[in-house]
2 protein chains.
Amino acid sequence: MNELKGACIFGQSGGPTSVINASAYGVIDTALKTPCITRILGAEHGIKGILSDRLFDLGREDPTELRLLKYTPSSALGSCRYKIADPDADSTDYQRILDIFKKYDVRYFFYNGGNDSMDTCNKISKYMQKVGYECRIMGVPKTIDNDLYGTDHCPGYGSAAKYIATTCMEVYQDARVYDTGMICIIEIMGRHAGWLAGASALASAYGAGPDLIYLPETDFDMDRFLADVERVYREKRTCMVAVSEGIHYADGTFVSEAKTEATDGFGHAQLGGLAPLLASIVKQKTGAKVRGIELSLLQRCGAHLASETDIEEAFMAGKAAVENAANGITDRMIGFERGVRDGKYFCKTRLFELSAVANAEKKVPREWINAQGNGVEKAFIDYALPLIQGEPKLPKLDSLPRFAKLSKILAK
Amino acid sequence: MNELKGACIFGQSGGPTSVINASAYGVIDTALKTPCITRILGAEHGIKGILSDRLFDLGREDPTELRLLKYTPSSALGSCRYKIADPDADSTDYQRILDIFKKYDVRYFFYNGGNDSMDTCNKISKYMQKVGYECRIMGVPKTIDNDLYGTDHCPGYGSAAKYIATTCMEVYQDARVYDTGMICIIEIMGRHAGWLAGASALASAYGAGPDLIYLPETDFDMDRFLADVERVYREKRTCMVAVSEGIHYADGTFVSEAKTEATDGFGHAQLGGLAPLLASIVKQKTGAKVRGIELSLLQRCGAHLASETDIEEAFMAGKAAVENAANGITDRMIGFERGVRDGKYFCKTRLFELSAVANAEKKVPREWINAQGNGVEKAFIDYALPLIQGEPKLPKLDSLPRFAKLSKILAK
């Protein structure tokens, strides 16, 4: 083992989740206990905070507030969607990062994000190697979309899935109280992968969920969709539908953006997105009372419904990143491998090459989706159910969430 | 005390809440223990179930499932929005109700709903008195809107308020992670009264809520609104706004329905309602990234965030209705009166004349809203905060809600 002494930088990137701060706490808590890490810096708004020398001295935070990060949704340090240039085309950013790394004697960089962030890690690492600056760079996964390559699943997904399933079960109770009938269309995040919309099937598996589920893994056909909805509605006088925001026609056009025949007269100002669009089309076709509901940001920040499994795994991913780096590992993303022990789910970390994860995307396997493309199979339920388990003991003040309040002292 | 022996009918009416079934359990559980009540019938879809002779024999339900009603959102028996005729104009419905009451020897009628339902109770009671049929009729309040006359507050409000405040606190974390700025507009239920939108101020009181709140109690002015939002956004690079769905211009037109100058080119197909409409206007004006979020049904069925205080009070209201009726009381709605004991909030039931409650509406006092009409005062917080307290121990199965499953056996 090669002992490398120096500071570390931790940053958060991309869309937040309910548990990205649990990974932050995993990194910070472990780094504080790791002798070779001399200082823990938090980048404001991810890589942008490095470029602009906005680094918080996380060692100076109140330990009680740091612990609360485990239950605080979103990105406590701020996030970004900054696409770093190809270093061969433009190395300005990389030189700047090198300067900052040198300024603070940074020898460890932990970046918490999705596939774009793994690409950023990979590029920075390659650059540092090229210029001969020793620095260990580790990716910590996060994304509610659950679309990272290699890993069994991603921190953030389990909590979002639990939020979606629980909310569907509640709306299911509500959307059937009148004898006048009702169709309810729920729009769920997921531009290219249907993991989140598929999670609504957990509600159905427990008797109170969508009748129909449409994922972006299969092509959407408006006529078939309308026939499906009408059939269920005629039979049950109620119909609940879950759709991924990314459902698209066979030619690749997103349904949310397309002007179909059916939307003529409606399709010209889709302020509200997919759910109200589909609601208006279904209403026109069936004459039923139709409600479109977009779960919006709520599904990715609903920490009050977080899965304890997800929180602990997110923490574990952050911890493993620091431990592996301290042990000489670099250029890897922490991922998960699931197993069964005594008939129960368990999960351990595994290392993946950053270059393999960068910009790749994992979709729901076609065989986990039913033949008609309007629901998911039991294999999906078996996959997702263990990830939503466990009720964390949420810190509250006067029955409202007590989130971490960081003092964010800038490093000198 | 005049002992009156016979069956009771319980029904649910209007929009459901997270705790209307807790009141149902209060009625059922107490009625089961009340010797003069010989049988407990549940009306399917409220008054409609009586008219169509669709009555469930609730005494035959599994007691374990009945207990789960306390934590099951929405209206387990089904609800309706049936406006009963004036008995002097058309007594058909009343004669039918009388027939059904006679058929099952119904001597107690408990109806759980809002002000329309209290009007229904009142009319039925007056009719029964006129025709000399002895029957005790009690209203049990419910409405997330909190707009019932007389009572300090309504069952259902506390849980919805808690859902709204918690959700706002979470979205607040999420809507400020990027350094690119963001404006977030949250649409909250409440057509004529702003109690629900006002509850978002609980989030602000705990440091993570809306900067601006607009209630239907004051007239809305688009120019002033836009100036408010711009001012906050310029200062903070972020702005969170809560609006009641019922905000309206000085002439009474709902903002959601009006075609203002600012909406030209946008206002012609408002599929998504108020939040996307305001979002598009604010975006046009500020150039900022703007997100409109409608809390939709989620806020009224979000039982996983129910207030224990609300659940217990809802139960207590159902219980008090039965106890009072058994003691000879009729023509009253159960309401609440709050007090302070040892420096702590407490709540006891009080009786209100059905005729006083029927069709009346209680709005947020003007002095609880700030002078500018874009926020609420501390008096509102002091009023609402006790109502959201306490975390119920929610029954779960595999980390998903375990709602009551009634067998709904039709009464013979």
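Residues numbered from 1 in each chain as written. Chains lettered and ligands numbered in written order. Predicted model: local features only at pLDDT ≥ 70, side-chain atom pairs only at ≥ 80, totals over all residues.

1. Regarding the overall build of chain A
Quick note on the threshold: Runs of E in the DSSP output that reach at least two residues are strands. Runs of H or I that reach at least four are helices, and both are numbered from the N terminus. For a compact globule the rule gives 2.2 Å times the number of residues to the power 0.38, and the radius of gyration it is set against comes from C-alpha atoms. Field definition: a residue is buried when 20 or more other C-beta atoms are found within 10 Å of its C-beta, exposed when 12 or fewer are, and partly exposed for counts in between, with C-beta atoms placed from the backbone.
Looking only at helices and strands, chain A features 13 helices and 13 strands. A compact globule built from 412 residues should have a C-alpha radius of gyration of about 22 Å, and chain A, at 23 Å, falls within 12% of that. Summarising its shape, the C-alpha atoms of chain A cover approximately 70 × 50 × 40 Å along the three principal directions. Of all 412 residues assigned to chain A, the portion counted as buried reaches 58%.

2. What to know about the pairing of strand 8 (residues 238-244) of chain A
Residues and elements named next belong to chain A. Stated precisely, the cut-off is as follows: Two strands pair if DSSP finds at least two bridges between them.
For strand 8, the buried fraction is high: six of the seven residues fall into the buried class. Inspection of the sheet shows strand 6 (residues 182-188) paired to strand 8 by seven bridges, in the parallel sense. Paired with I183 across the two strands is C239, which belongs to strand 8. In terms of strand pairing, strand 7 (residues 212-214) meets strand 8 through three bridges, oriented parallel.

3. A few points about the domain arrangement of chain A
All names here are of chain A. In plain terms, the rule: For the domains described, the bounds stem from an automatic or database domain assignment. Note on contacts: each residue gets a C-beta atom placed from the backbone, and two residues are in contact if those atoms are within 7 Å. Any residue outside Ala, Val, Leu, Ile, Met, Phe, Trp, Tyr, Cys, Pro, Asp, Glu, Lys and Arg is labelled polar, Gly included; the first ten of those are nonpolar and the last four are charged.
For chain A, the assigned domains read domain 1 (6-143 + 303-360 + 393-401) and domain 2 (157-301). Each of domain 1 and domain 2 was reduced to a C-alpha centroid, and the two centroids are 34 Å apart. With 13 residues of domain 1 in contact, the opposing surface of domain 2 contributes eight residues. For the side of domain 1 that touches domain 2, the residue count by class is six nonpolar, six polar and one charged.

4. Some remarks on the environment of T309(B)
Residues and elements named next belong to chain B. Inspection of the secondary structure puts T309 in helix 11 (residues 308-326). Expressed as a C-alpha distance, the spacing of T309 and P155, which sit 154 residues apart in the sequence, is 9.4 Å. Those residues in contact with T309 that sit more than four places away from it in its chain are G158, P386, L387, Q389 and G390.

5. What about the sheet that holds strand 3 (residues 55-57) of chain A?
Sheet strands pair via backbone hydrogen bonds, and the direction of the pair is either parallel or antiparallel. All names here are of chain A. To keep it simple, the criterion reads: A fitted line through C-alpha atoms serves as each axis, taken over the contacting stretch for helices, and the angle formed by two N-to-C directions is quoted from 0 to 180°.
If you walk across this open sheet you meet the seven strands as 3-2-1-4-5-10-11, and the pairing is mixed. Looking along the sheet, the strands with just one partner apiece sit at the ends: strand 3 and strand 11 (344-353). On average, each strand axis in the sheet is tilted by 30 degrees relative to the strand beside it, whichever way the strands run. Lying on the sheet, helix 11 (residues 308-326) is in contact with strand 4 (106-113), strand 5 (136-141), strand 10 (332-341) and strand 11; it crosses strand 5 at an angle near 170 degrees.

6. Overview of the sheet that holds strand 8 (residues 238-244) of chain B
All names here are of chain B. Spatial ordering of the open sheet is given by 7-8-6-9, a layout of four strands whose pairing is parallel. Looking at the sheet topology across the chains shown, the edges are occupied by strand 7 (212-214) and strand 9 (290-294). Each neighbouring strand pair of the sheet contributes to a mean axis angle of 15 degrees, computed without reference to strand direction. Here helix 8 (residues 222-236) sits on the sheet in contact with strand 6 (182-188), strand 7 and strand 8, set at roughly 150 degrees to strand 8.

7. Observations regarding the pairing of strand 2 (residues 37-43) of chain A
Residue and element names in this part refer to chain A. Condition: A crossover gets the label right-handed when its path from the first strand over the helix to the second runs clockwise, viewed with the strands pointing away from the viewer.
Counting buried positions along strand 2 gives five out of seven residues, so the element sits mostly inside the fold. Looking at chain direction, strand 1 (residues 6-12) and strand 2 are connected through five bridges and run parallel. Looking across to strand 2, one finds that G6 is bridged to I37. Remark: the strand 1/helix 1 (residues 20-32)/strand 2 crossover connection has right-handed handedness. Pairing between strand 2 and strand 3: three bridges, direction antiparallel. Directly across from G42, in strand 3, lies its bridge partner F56.

8. Comments concerning the packing of helix 6 (residues 157-174) of chain A against helix 7 (residues 195-205) of chain A
All names here are of chain A. Basically, it comes down to this: Should an angle fall under 35 degrees it is taken as roughly parallel, and over 145 as roughly antiparallel, whereas 65 to 115 is taken as roughly perpendicular and any remaining angle as oblique. A clockwise turn of the near helix away from the far one marks a right-handed crossing, whereas an anticlockwise turn of less than a right angle marks a left-handed crossing.
Remark: helix 6 packs on helix 7, axes separated minimally by 8 Å, with the N-to-C direction vectors making an angle of 50 degrees. Classed by the angle they form, the pair helix 6 and helix 7 counts as oblique. Here helix 6 and helix 7 pass one another in a crossing that is right-handed. Within the contact between the two elements, helix 6 uses Y157, A160, A161, I164, A165, C168, M169 and Y172 and helix 7 uses W195, L196, A199, S200, L202 and A203. Residues belonging to the contact of helix 6 with helix 7 are distributed by class as follows: 13 nonpolar, one polar and no charged.

9. A short note on the relation of the copies chain A and chain B
Just so we agree on the cut-off: Least squares is the method used to superpose the copies, on C-alpha atoms of residues holding a pLDDT of at least 70 in both.
Expressed as a screw transformation, the operator carrying chain A onto chain B has a rotation angle of 180 degrees and an axial translation of 0.0 Å, and the superposed copies differ by an RMSD of 0.0 Å. Accordingly, the operation relating the two chain copies is best matched by a two-fold axis. Residue by residue, 100% of the interface of chain A is reproduced at the interface of chain B, so both copies engage with the same surface.

10. Let's talk about the confidence of the model for chain A
Residues and elements named next belong to chain A. Applicable threshold: Scored from 0 to 100, pLDDT reflects the predictor's confidence in each residue.
Taken residue by residue, chain A gives an average pLDDT of 94. The fraction at 70 or more is 96%. Counting interchain partners and residues more than four positions distant, the pLDDT-below-50 stretch residues 260-270 has 17 contacts. The ipTM assigned to the predicted complex is 0.96, against a pTM of 0.96.

11. Some words on the interface of chain A and chain B
Every contact between the two is made by 58 residues of chain A and, on the other side, 58 residues of chain B. Elements with a contribution of two residues or more to the side of chain A that touches chain B: helix 6, helix 9 (274-286), strand 9 (290-294), helix 10 (298-301) and strand 13 (400-401) of chain A. A per-element tally of the side of chain A that touches chain B places helix 6 of chain A first, with nine residues.

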